Amino acid sequence: MLSDAELVDRVRSRLVTSGAPPTRAAVAAALRHEGGVRGDNEIAAVLARLESELVGAGPLEGLLRDPQVTDVLVNAPDEVWVDRGAGLERARLRLAGEEGLRRLAQRLAAASGRRLDDAQPFVDARLPGGVRLHAVLPPVSPRGTTLSLRVPRRQVFSLRELTAVGSVPPALARLLALVVHTHLAFVISGGTGSGKTTLLSALLGETDSGDRVLLVEDSGELRPSCPHVVRLEARGANAEGAGEVTLRDLVRQALRMRPDRIVVGEVRGAEVVDLLSALNTGHEGGCGTVHANSAADVPARLEALGAVAGMSRAALHSQLASALDLGIHLRRGADGLRRVEEIVLLEAGADGLVRTVDALTVVDATLRPGRGAQALHRLLGARGAPAADLAACGLIEAARTHPPQFPRP
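**Q** Which parts of the structure should I look at to understand the sheet that holds strand E7 (residues 186-190)?
**A** Sheet strands associate in pairs through backbone hydrogen bonding, adopting either a parallel or an antiparallel arrangement. Pairing in this open sheet of nine strands is mixed, and the strands run E9-E8-E10-E11-E7-E12-E13-E14-E15 from one edge to the other. Only two strands of the sheet have a single partner each, and these edge strands are strand E9 (229-233) and strand E15 (366-369). Averaged over all adjacent pairs, the angle separating strand axes in this sheet is 25°, with direction ignored. Pairing of strand E8 (residues 213-217) with E9, which is carried by five bridges, proceeds in the parallel orientation. Bridged to Leu214 within E9 is Val230.

Written out as structure tokens, the structure is:
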């Protein structure tokens, strides 16, 4: 008597040989060739298993459909991890061996128009449904095929909702709304999974209804609730190595589309040059995210990205000083909650290099003003922020006691 796994393998082989799609009738016909009497329940079970292997993400489909799941990581057929917002946990799921895992990775790569084989043993792509795929084959991955799937956020949080869950204190939420309304340019920094995209989407929801917002992304993760949004998404090269469209290409196109705000979902390469140039040519209110361990690391991180594009250190800092006004840093706590940790100003020193100046630090949901509080108060006031709103954020008192560290150029 064949085991269930053996039976499915033999039916799969018959379907592949015949070229027939895995319909109920085709599965029933293949089962009849295997002998024995098969009931409707057995046919349905084999069909369901075949569909899970041949359609979507196969046995991982159930995890990807879970609204709480943000990441699915497969280290081996018997080692699957998921992140439901509170850190990684092991899933009770076992895939059909290394061969099955490899087939799944190759099929997902093919669905995104990419190649994954011995000659090209890794792939970074976006699946049709928006899931970000990264896969590596042996021998680059010595233990076997690995899969990393990043699920785009299905739920869009407003700034009010982020305040309700404790990610943003109420006074800070009012301040961030003022930053958006006054068209200050800012960058959101943090580590992987710290909530940068979630906060950026929420802040874009505070933009004026008349603003035309150009979103430039590697994959469509931002879901802002503002009414006038134009999306541009990068595209990787196809299996023949042609057709690539980079973020840098898209930033240049966005400049020609009459933007009120240019938003780069994640600044991760040479596009930083074009973004800084755009923000220095009258496109106020631009923003984006960047990976950084701390707010103080942001200038060095942008400097490194600019170097990739051939931009000198002096040129990068000169552009940065006049392009970006402030930084917002997030950190994911041990409890899994993503919180805004600090607000910093980006200021040029006497040597022309940009440094961060702490304006506000969040400690136990309380705002503590820093050396840049007065400069932030002055900057928002110069952009038309009402004094009453500044007072509600706690900046007026902070401005009286904390002079700025660096003069604004």
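**Q** Looking at this structure, I do not really get the environment of Ile343. What am I missing?
**A** Its place among the elements puts Ile343 in strand E13 (residues 338-348). The class for Ile343 is buried, based on a relative accessible area of 2%. If we ignore the near neighbours within four places in the chain, the residues touching Ile343 are Leu172, Leu176, Leu326, Gly327, Ile328, Val357, Asp358, Ala359, Leu360 and Leu376.

**Q** What exactly am I supposed to notice about unusual backbone geometry here?
**A** Most of the time, phi is negative for any residue but glycine, and the peptide bond is trans. A cis amide bond, omega 5°, links Pro138 with the succeeding residue Pro139. A positive phi angle is found at Asp364, which is not glycine, with a value near 50°. Along the chain, the position of Asp364 falls in the loop between strand E14 (354-363) and E15.

**Q** For this particular structure, what's the right way to read the environment of Pro259?
**A** Position of Pro259 among the secondary structure elements: in the loop between helix H9 (247-255) and strand E10 (261-264). Look at Pro259 and you get buried, because its relative accessible area is 10%. Considered as a pair, Pro259 and Val230 are 29 residues apart in the sequence and their alpha carbons are 9.1 Å apart. In contact with Pro259, other than residues within four places in its own chain, are Arg212, Leu214, Ala254 and His283.

About the criteria used
- Residues numbered from 1 in each chain as written.
- Predicted model: local features only at pLDDT ≥ 70, side-chain atom pairs only at ≥ 80, totals over all residues.
- Heavy atoms only, no water.
- Pairing = 2+ DSSP bridges.
- Helix = DSSP H or I, 4+ residues; strand = E, 2+ residues; numbered from the N terminus.
- Axes fitted to C-alpha atoms, helices over the stretch in contact; angles between N-to-C directions.
- Buried < 20%, exposed > 50% of the residue type's maximum accessible area, 1.4 Å probe, protein only.
- Contact = heavy atoms within 4.5 Å.

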